[in-house]
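Inside the fold
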Amino acid sequence: MKLIEKIEIKYFRSFGEKNVKIIDLKDLNIFSGSNDVGKSNILKALNLFFNDEISIGEKFNLRSDLSFLQRERSQKKLEDKKNIRTEDDPYAAQRDLFVKIKIFFNRPILSEKSTTPEKFWVEKKWDKNGFNIQTSNIQGAYRKKNKRVPTQRQIGAIQGQLTQFLNSINFEYIPAVKDRQFLQYLFKKLQNSLFDRDSSFKKTSGEINARITKTTQDLFSEFKDKTGVQAEFSIPESLIDFFTTINVSTENGISLYSRGDGIQARFIPAILNEISKGKKNTIWGFEEPENSYEYRNAELLAKDFLEIYSKNKQVFITSHTKEFLSLIKGNEEKASLHRVYKTLAKGSLIETFKKNKGFDKQAIDLNFWGDETEKRQEDIDILNKIYEDIGFLESDQYLIEDLQNQLKMQRHLLNTSDLKIEEKTKINQKLTKRLESMILTEEALTQEIEEYKKPIVFFEDTYIQIYKIAFLKINGIECDENNFENIFKDHSPFIFKSKECDNELNKFLDMVSVSEWADKFILGVFDFDAAYNKFNGLKSKRWGDKIGSEKDGVSRKRKDHPCFYAMLLPVPTHRTSYASIALASKSRLAIELYFSDDILTKLGNSGEETVTGVSERIKIFQGDKSLFWKELFYLPVNEFESFKNLFIKITSVLDKPHLKKLKQVDLNPV
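On to the overall build of the protein chain, then. What the protein chain contains, in helices and strands, is 24 helices and 18 strands. Here the protein chain has roughly 36,500 Å² of accessible surface; of this, 49% comes from carbon and sulfur atoms.

Written out as structure tokens, the structure reads:
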């Protein structure tokens, strides 16, 4: 049952912002967050609003219940005022030391003819003297609904209805620590509830009194003779404290108080549910209901909160466990999920989970930092923890839940099959192995993360070590065969990958849908040789025209992606006759020909070939590429000069404003 639509909290405890809004409230409302971020303060704020106390028996105290951030701001304003006051106007005061809680109600009105407004808000204020004032827009809500200004008589009736409505709300606050003392407190409330509902208890009390009086007549006659005072035993009609002294006996005669914490805790929502019977407007504020529960019972309890307890009452809970947090899945109309987090300048804030969208991480980022320009590592760690928790709330919890359900189903099918034990064991081992193979290793996950940070450049060559070594060489970074991969990973703003051959690169670049790569930045590089046909053959319905020169690198852009390109190797000065648009697929520029003829000859990788349309015989690479790249570590830097244009072209193609904004990497390697 949804009675409250929205809550606004101002300057209460950890909530230092002017108006912290809690929106999209449902029947069951779950507040998650790390320890000490202010989750329980939401429930305490509701308890203050409805019961005029912070927790059971604890009244409002401005010193401890006012946000320290607001106190600091107020003190600074006071000092600023004092500095500008004159002798003729020496007074300065703090008028902003208060707490406000505003609740937007949506009460059901059964009659369509009723003039009573369904939606209105009530705000209460507390200051150094405790409760200060209550305001409401109920008259405005009446005017909006009925399209007329209420008369004085109607105003009195409206205000009377408001008082009656607020008095009808039964708000129950349940703290995180649920000890024997709290159980006895609940039993006393249960007693009052039962006696209010059943008048026969008074009759029973009278009968017990009569019996006691008759039985103890001699005792009190003697007492009167000795003292002159009339006396008798009696039980008050209300049987006050009867339930606080009565023992609750469970099976085998064991006292409830001798049972484990989990059994005692499970009794609490049942008692509260009994207390709420016959009451029209009941709201629970329940801190960590899962306390003392093991996994299976916590799962059942969460289900009860969703399907039973929140059906006829509105429930607000704080929780850390996935059993409660995952209730949002598929139940967005009945349950709401809110993340409470602490910011540097505004205190506790709340972000609400939105269906099909999740949490607004951008808003969290902006709110967390505020005007802070210096980002300390400890604060970055806190923000990362918030994102980590939210990631769990948005996806991990569902994955874990689905996985658990799947494993239960598998176990059930295996256990109920007529297979032999050893056969069941073999199948189970196969399933486990298959599952393990699907979970990313640390190395695979690191690579996945890196691909979101850096653009990915695909080459048709199998041995892309050549490109990595060249990049490090022209940037003056020392490396050898044992460490160049890690050094390249640390220094390069790109990720280099191999597609093994020009045909595979073509198929990848020309795939029908690139939705899988929607958030990434892709470039495919073809050798400027027979692979020209693969580059040129990229379908025109998906790819734009060729742009650029042979010297600087000819490229094409895909039409349905903001940063998805293909290009040909730029033609070095010493190979101008080897490749051109005119020669097309007759071109003969492979990456190994970026090196000089002298080096190719020296390394024993030089050959010659006659090409139709080219007057001179051209050099070609002959040799074992798997060995060739290992020789590159010993070459002088000037032998890598031709690679500069290649990396400049890669940088210029991928160096787009949106790339810098999203990826925030240095794309100026040369």
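Attention now moves to the pattern of salt bridges. Summed over all chains, the structure comprises 24 salt bridges. For Lys-630, the salt bridge identified is with Glu-481, shortest N-O distance 4.0 Å. Taken together, the residues span a long stretch of sequence, with Lys-630 in helix H22 (residues 625–631) and Glu-481 in the loop between helix H17 (465–474) and helix H18 (484–491) at a distance of 149 residues. When salt bridges that share partners are traced, they join Arg-13, Glu-58 and Asp-65 into one network.

The geometry of an aromatic ring pair comes down to the distance between the two centres and the angle between the two planes. A complete count under the given rule lists 43 aromatic pairs for this structure. Following the ring pairs from residue to residue traces out a cluster consisting of Phe-459, Tyr-467, Phe-471, Phe-488, Phe-494, Phe-496, Tyr-594, Phe-595, Phe-628, Phe-640, Phe-643 and Phe-647. Lys-6 extends its terminal NZ or CZ atom over the ring of Phe-104, reaching a point 4.3 Å from the ring centre. The ring of Trp-121 has Lys-102 sitting right over it, with the charged end atom 4.0 Å from the ring centre.

What the five strands build is an open sheet, ordered S13-S12-S14-S16-S15; its pairing is mixed. Each end of this open sheet is capped by a strand with a single partner; those strands are strand S13 (495–498) and strand S15 (555–557). Here the strands of the sheet are splayed against their neighbours by 20 degrees on average, with no regard to which way each runs. In this structure, S15 lies alongside strand S16 (residues 564–568), joined through three bridges in antiparallel fashion. By the bridge assignment for S16, Ser-555 is matched with Met-567.

Turning our eyes to something else, we now look at the sheet that holds strand S6 (residues 130–136). What the five strands build is an open sheet, ordered S2-S1-S4-S5-S6; its pairing is antiparallel. Lying at the two open borders of the sheet, with one neighbouring strand each, are strand S2 (20–22) and S6. Each strand of the sheet is rotated relative to its neighbour by a mean of 15 degrees, with strand direction disregarded. One ladder, built from six bridges, connects strand S1 (residues 4–10) with strand S4 (residues 99–106); its direction is antiparallel. The partner of Lys-10 across the bridge, within S4, is Lys-100. Contacts between helix H1 (residues 39–51) and the sheet are confined to S1, S2, S4 and strand S5 (119–127), with S4 contributing the most and set at about 80 degrees to the helix.

What follows is about the packing of H17 against H18. Direction vectors running N to C along H17 and H18 enclose 65 degrees, while the axes themselves pass 10 Å from each other. The two elements H17 and H18 cross, and the hand of that crossing is left-handed. Taking contact as the criterion, the partners of Gln-465, Lys-468, Ile-469, Phe-471 and Leu-472 in H17 are, on H18, Phe-484, Glu-485, Ile-487, Phe-488 and His-491. Its residues placed into classes, the contact of H17 with H18 shows six nonpolar, two polar and two charged.

Our next topic: the packing of H17 against helix H23 (residues 643–654). Contact geometry for H17 and H23: axes closest at 10 Å, N-to-C directions at 95 degrees. Classed by the angle they form, the pair H17 and H23 counts as roughly perpendicular. Two secondary-structure elements touch here, H17 through Ile-466, Tyr-467, Ala-470, Phe-471 and Ile-474 and H23 through Phe-643, Lys-644, Leu-646 and Phe-647. Counted by class, the contact of H17 with H23 contains eight nonpolar, no polar and one charged residues.

Mapping Pro-570 onto the fold places it in the loop between S16 and helix H21 (597–602). Overall, the relative accessible area of 1% leaves Pro-570 in the buried class. Once you skip the residues sitting within four places of it in the chain, Pro-570 turns out to touch Glu-550, Lys-551, Asp-552, Gly-553, Leu-589, Tyr-594, Asn-645, Leu-646 and Lys-649.

The next thing to look at is the side chain of Thr-651. Of note, Thr-651 is situated in helix H23. Polar contacts involving the side chain of Thr-651 include one to the main-chain carbonyl oxygen of Phe-647, which spans 2.8 Å.

Attention now moves to the nonpolar core. If you look at the biggest cluster of nonpolar residues, it comprises 70 residues, and the most contacted ones within it are Phe-643, Leu-646 and Ile-650. A total of seven residues in this core trace back to one element, the largest contributor, which is H17. Listed in part, the 54 residues of the second largest apolar core include Leu-43, Val-99, Phe-105 and Phe-316.

Here the focus is helix H19 (residues 502–509). Residues Leu-505, Asn-506, Phe-508 and Leu-509 constitute the buried set of H19. In an axial view of H19, the angular spread of the buried residues amounts to 165 degrees, which keeps them on one side of the axis. Among the structural elements, strand S12 (456–459), strand S14 (522–526), helix H20 (532–536) and S16 are those in contact with the buried residues of H19.

What follows deals with the confidence of the model for the protein chain. Averaged over every residue, the pLDDT of the protein chain is 83; the share at 70 or more is 83%. Counting contacts from residues 657–670, a segment whose pLDDT is below 50, to residues more than four positions away or on other chains yields 34 contacts.

Backbone geometry at Tyr-11 places phi at a positive 65 degrees, although glycine is not the residue there. As for its position among the elements, Tyr-11 is in the loop between S1 and S2. Unlike most non-glycine residues, Lys-147 shows phi in positive territory, near 60 degrees. Position of Lys-147 relative to the elements: it lies in the loop between helix H4 (138–146) and helix H5 (152–168).

This brings us to helix H6 (residues 180–197). Over its 18 residues, H6 runs 26 Å from end to end, which matches the ideal 26 Å to within 8%, given 1.5 Å per residue. Buried within H6 we find Phe-182, Leu-183, Leu-186, Phe-187, Leu-190, Gln-191, Ser-193, Leu-194 and Phe-195.

Glancing now at the pairing of strand S7 (residues 169–174). Across the six residues that make up S7, a large majority, six, are buried. The side-chain alternation of S7 yields two buried faces, one formed by Ile-169, Phe-171 and Tyr-173 and the other by Asn-170, Glu-172 and Ile-174.

Now for the environment of Leu-162. You can see Leu-162 is positioned in helix H5. As a C-alpha pair, Leu-162 and Phe-120 span 42 residues in sequence and 9.9 Å in three-dimensional space. Aside from chain neighbours lying at most four places away, what touches Leu-162 is Phe-120, Val-122, Gln-134, Ser-136 and Ile-138.

It is worth spelling out the environment of Arg-13 at this point. Inspection of the secondary structure puts Arg-13 in the loop between S1 and S2. Separated by 25 residues in the primary sequence, Arg-13 and Gly-38 have C-alpha atoms spaced 8.1 Å apart. Engagement of the side chain of Arg-13 in a polar contact is seen with the side chain of Asp-65, the distance being 2.8 Å.

Cut-off values and rules
Within each chain, residues carry numbers counting from 1 in the order of the written sequence. Reporting in this predicted model follows two pLDDT cut-offs: at least 70 for local features of residues, and 80 or more for side-chain atom pairs to be given and counted; totals over whole chains, interfaces and linings ignore these cut-offs and use all residues. Calculated side-chain values reflect all of the structure's heavy atoms, with hydrogen atoms and water omitted. Only DSSP runs of H or I reaching four residues or more are called helices, and only runs of E reaching two or more are called strands; each is numbered from the N terminus. To measure how exposed things are, a 1.4 Å probe is used in the Shrake-Rupley method; for residues, cover is taken only from the protein chains shown. For this document, the term salt bridge refers to a Lys or Arg side-chain nitrogen within 4 Å of an Asp or Glu carboxyl oxygen. Each Phe, Tyr or Trp ring (for Trp, its six-membered ring) is paired with any other whose centre lies within 6.5 Å, and the angle between the two planes then decides the class: stacked below 30 degrees, edge-to-face above 60, tilted in between. In this scheme, Lys NZ or Arg CZ marks a charge over a ring once it lies within 6 Å of the ring centre and within 35 degrees of the ring normal. In this description, strands pair whenever DSSP reports at least two bridges between them. Interaxial angles span 0 to 180 degrees and are taken between N-to-C directions of axes, which are lines fitted to C-alpha atoms, for helices over the stretch in contact. Should any heavy atoms of two residues lie within 4.5 Å, those residues are counted as being in contact. Crossing handedness: left-handed means the near helix sits turned counterclockwise from the far one by under a right angle, and right-handed means the same turn made clockwise. Asp, Glu, Lys and Arg are counted as charged, while Ala, Val, Leu, Ile, Met, Phe, Trp, Tyr, Cys and Pro are counted as nonpolar; the rest, among them Gly, fall into the polar class. Geometric relationships in this document are graded by angle, where less than 35 degrees denotes roughly parallel, more than 145 denotes roughly antiparallel, 65 to 115 denotes roughly perpendicular, and other angles denote oblique. Type-normalised accessible area, obtained with a 1.4 Å probe on protein chains alone, sets the label of each residue: buried when under 20%, exposed when over 50%, and partly exposed for intermediate values. Any pair of N or O atoms that falls within 3.5 Å is considered a polar contact. Within protein, one atom must be able to donate a hydrogen and the other to accept it, and sequence-neighbouring residues count only if both atoms are side-chain atoms. Only buried residues count toward a nonpolar core, which is a set of Ala, Val, Leu, Ile, Met, Phe, Trp, Tyr and Cys residues joined through side-chain atoms within 4.5 Å. Here, the arc refers to the directions that run from the helix axis to the C-beta atoms. The pLDDT score gives, residue by residue, the confidence of the prediction method on a 0 to 100 scale. Multiplying 1.5 Å by the residue count of a helix minus one yields the expected span of that helix.

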